[in-house]
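Residues per chain, in single letters:
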Amino acid sequence: MSDARILELDGVEVRHGSVAAVRDLDLHLLEGEIVGLIGPNGAGKSTTLHAIMGVLAPRAGEIRLKGRPLRAGRPEDVARAGIALVPEGRRIFGDLSVEENLRLGLAARRGGDGGSALDAVYELFPILAASRGRQAGALSGGQQQQLAIGRALVASPDVLLLDEPSLGLAPTVVDVVFAALAAIRERGVSVLLVEQRAQRTVAFADRTYVLGNGELRMILTPADADDTERMIAAYLS
Amino acid sequence: MNVLAVVDAQTLVDAVGLGAVYALMAVGIGLVFGVLRLVNFAYGQLVMAGAYTLAFTSTWPVAGSIAACFAVVIALSLLMERAVFRPLRTSSPAVMLVTTFAVAFLLQSVALIVDVRDDTIGEPASSVAPLNQAISLAGVDVRKVTLVAVGVAIVALGLLALLLGRTTIGLQMRAAAADFRTARLLGVRADRVIAFAVVLSGILAAAVAVILTVQNPLVSPDFALKDTIVVLVGVVVGGIDRLWTATLGGFAIGFATGVINGALPTEQTVFLPSAVFALVILVLILRPAGLFARGRGALVERV
């Protein structure tokens, strides 16, 4: 165990056909850390998450969870190894009930009591407890986002990946999402947060990687959040 | 000509029996379509393989013969999944459909080679024949196999509903049918869910093999071929996107075939396929997404 790096990307390159979407990316998460990943559209943020989940196979480099390399091509194995993804656009199952959506998340759980995991999520998101029998498709966007996060949490993952959880949500609902992330941090789960809300992410995360055109541009700390020039430079460099 | 007078209780009983068998086949096809987005044209050849198993084991006790039928059909289903469906999972629907055509004709050819060893085409399956006897209920002759078909259909659909609605694997199958990619990201094992759906569909094919063999004890390589085509049409008419609409479609086309068959004078039953397909075209013109579909269902992406 070197310095408790729970997730580590080492020289990762991912291509979409002939185009390199991510190039030579080094990134790591320490235990219990919240790490941000920001950058303009097309910078390679979602591609990075998909590579971690094994949906996309890296052309070069290695992705390791607790020192063990992850194999591409079988996202269910990555989920079962302890990495949970809250996908972009939430991707909840609209025809299934709220509780059924949460029970699906148990598929990746490694042992332990699934019932208490559901209770813990209901405690974190009381709105889900109140609507557990409802069709998930009938929930509002913010409620669906809470469901998507809850569905990832019931697996008790070591690492939680979030792909733009605040996208398309009203400002007050965004507050709810960030409050939930703070509560998740309290539980010791390591979080990799992909966001468009750059300033808020930089202020919230322990460290924030800035991607541009598939490459790592810089790493920001919460102290940089108020440094507007540095933030703008991060995006325009 | 008074058509309604010809549709008597006898016709209705037979039509329900045929509808039940076709509903079972529709569920079998629909289950695999749900998780693989694959229309398995070779489904009829699974039934055919089961029928041959019954024929070749007709000297065995009936229970043993039926058990062998289930074992062979389930094994063949799993083999088909492993050898053909799995490598093609990411191919286009057209490639997958054409491949299942190839598998269907391959299996039919193998059956022919095995069948003609005794220089005749067709093998009698006599052990299950007693089920074809009729019992008289209120003046209507009901063949025992019709009761078995309806009973098996009701029990099988009931069990399937419980399985899909109440168990973890059933929940995972429903999720996989809706959005397989997200289901896998949640840790749902694709291979396990698909294998489970294939086994269930194999069990249904074996049950159909037993019922059809009782009704038609002379087994030949094109056994159940016509039935499969009619059921596939029924499944599309019902709406293949949803298991229950596909099942209703299968039942509906079986029932319609039975009723039209009873209504047409005997010398005109050659017109039966024309009549059924004319009805199908009419339905698809009026309801392109399927007879029982709610609105236009969009196709979901595959694994």
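Just so we're clear, the structure is a prediction, and the values are computed from it rather than from any experiment. (Residues numbered from 1 in each chain as written. Chains lettered and ligands numbered in written order. Predicted model: local features only at pLDDT ≥ 70, side-chain atom pairs only at ≥ 80, totals over all residues. Heavy atoms only, no water.)

### Quick notes on the packing of helix α9 (residues 225-238) of chain B against helix α10 (residues 243-263) of chain B
Residue and element names in this part refer to chain B.
Piece 1. At their nearest, the axes of α9 and α10 sit 7 Å apart, and the two run at 125° to each other. As judged from the angle between their axes, α9 and α10 are oblique. The hand of the α9/α10 crossing is right-handed. Of the residues in α10, those in contact with V230, V233, G234, V235 and G238 of α9 are T245, A246, G249, G250, I253 and T257.
Piece 2. Split into classes, the residues belonging to the contact of α9 with α10 amount to five nonpolar, six polar and no charged. (Axes fitted to C-alpha atoms, helices over the stretch in contact; angles between N-to-C directions. Helix = DSSP H or I, 4+ residues; strand = E, 2+ residues; numbered from the N terminus. Parallel < 35°, antiparallel > 145°, perpendicular 65-115°, else oblique. Left-handed = near helix turned anticlockwise from the far one by under 90°. Contact = heavy atoms within 4.5 Å. Nonpolar A, V, L, I, M, F, W, Y, C, P; charged D, E, K, R; others polar.)

### Looking at helix α2 (residues 9-36) of chain B
Along an α-helix, a turn takes 3.6 residues, which lines up residues three or four apart on a common side.
Piece 1. With 28 residues, α2 of chain B extends 40 Å between its outermost C-alpha atoms, agreeing within 8% with the 40 Å of an ideal straight helix rising 1.5 Å per residue.
Piece 2. Counting buried positions along α2 of chain B yields 21 of 28 residues, so the element is predominantly enclosed. (Expected span 1.5 Å × (residues − 1). Buried < 20%, exposed > 50% of the residue type's maximum accessible area, 1.4 Å probe, protein only.)

### Topic: the pattern of salt bridges
Residues and elements named next belong to chain A.
Piece 1. A complete count under the given rule lists 23 salt bridges over all chains for this structure.
Piece 2. Between R64 and D10 there is a salt bridge, with the nearest N and O atoms lying 3.2 Å from each other. Within this pair, whereas R64 is found in strand β4 (residues 60-65), its partner D10 is found in strand β1 (residues 5-16), the two being separated by 54 residues in sequence.
Piece 3. Relative accessible area serves as the criterion here: at 15%, R64 is assigned to the buried category.
Piece 4. A salt bridge links R185 to D206; its shortest N-O distance comes to 3.4 Å. (Salt bridge = Lys/Arg side-chain N within 4 Å of Asp/Glu carboxyl O.)

### What about the interface of chain B and chain A?
Piece 1. Counting residues at the interface gives 24 residues for chain B and 21 residues for chain A.
Piece 2. The junction of chain B with chain A conceals about 2000 Å² of combined surface from both sides, 55% of it contributed by carbon and sulfur atoms.
Piece 3. Summed over the three residues of chain B that lose the most area to chain A, namely L171, L185 and L186 of chain B, the buried surface amounts to 35% of that side.
Piece 4. One can count five salt bridges joining chain B with chain A.
Piece 5. Taking the shortest distance from any N to any O, the salt bridge between D95 of chain A and R242 of chain B comes out at 3.7 Å.
Piece 6. Taken together, chain B and chain A are joined by seven residue pairs in polar contact (both at pLDDT 80 or more).
Piece 7. Counting residues per element, the ones that place at least two in the side of chain B that touches chain A are α6 (144-166), α7 (168-185) and α8 (190-215) of chain B.
Piece 8. Of all the elements, α7 of chain B adds the most residues to the side of chain B that touches chain A, at twelve residues. (Buried area = accessible area lost by both parts, 1.4 Å probe. Polar contact = N/O pair within 3.5 Å; in protein donor to acceptor, adjacent residues only side chain to side chain.)

### Some thoughts on the domain arrangement of chain A
Residues and elements named next belong to chain A.
Piece 1. Segmentation of chain A into domains returns domain 1 (1-82 + 160-165 + 192-237) and domain 2 (84-157).
Piece 2. A separation of 24 Å is found between the C-alpha centroids of domain 1 and domain 2.
Piece 3. Listed per partner, the contact involves twelve residues of domain 1 and 13 residues of domain 2.
Piece 4. Between domain 1 and domain 2 the total buried area reaches about 1100 Å² when both faces are included, carbon and sulfur atoms providing 58% of it.
Piece 5. Linking domain 1 to domain 2 there are zero salt bridges.
Piece 6. Scanning the region where domain 1 abuts domain 2 turns up five residue pairs in polar contact (both at pLDDT 80 or more).
Piece 7. When contributions to the side of domain 1 that touches domain 2 are tallied by element, the ones reaching two or more residues are α1 (45-53), α2 (75-81) and β7 (159-163). (Domains from an automatic or database assignment.)

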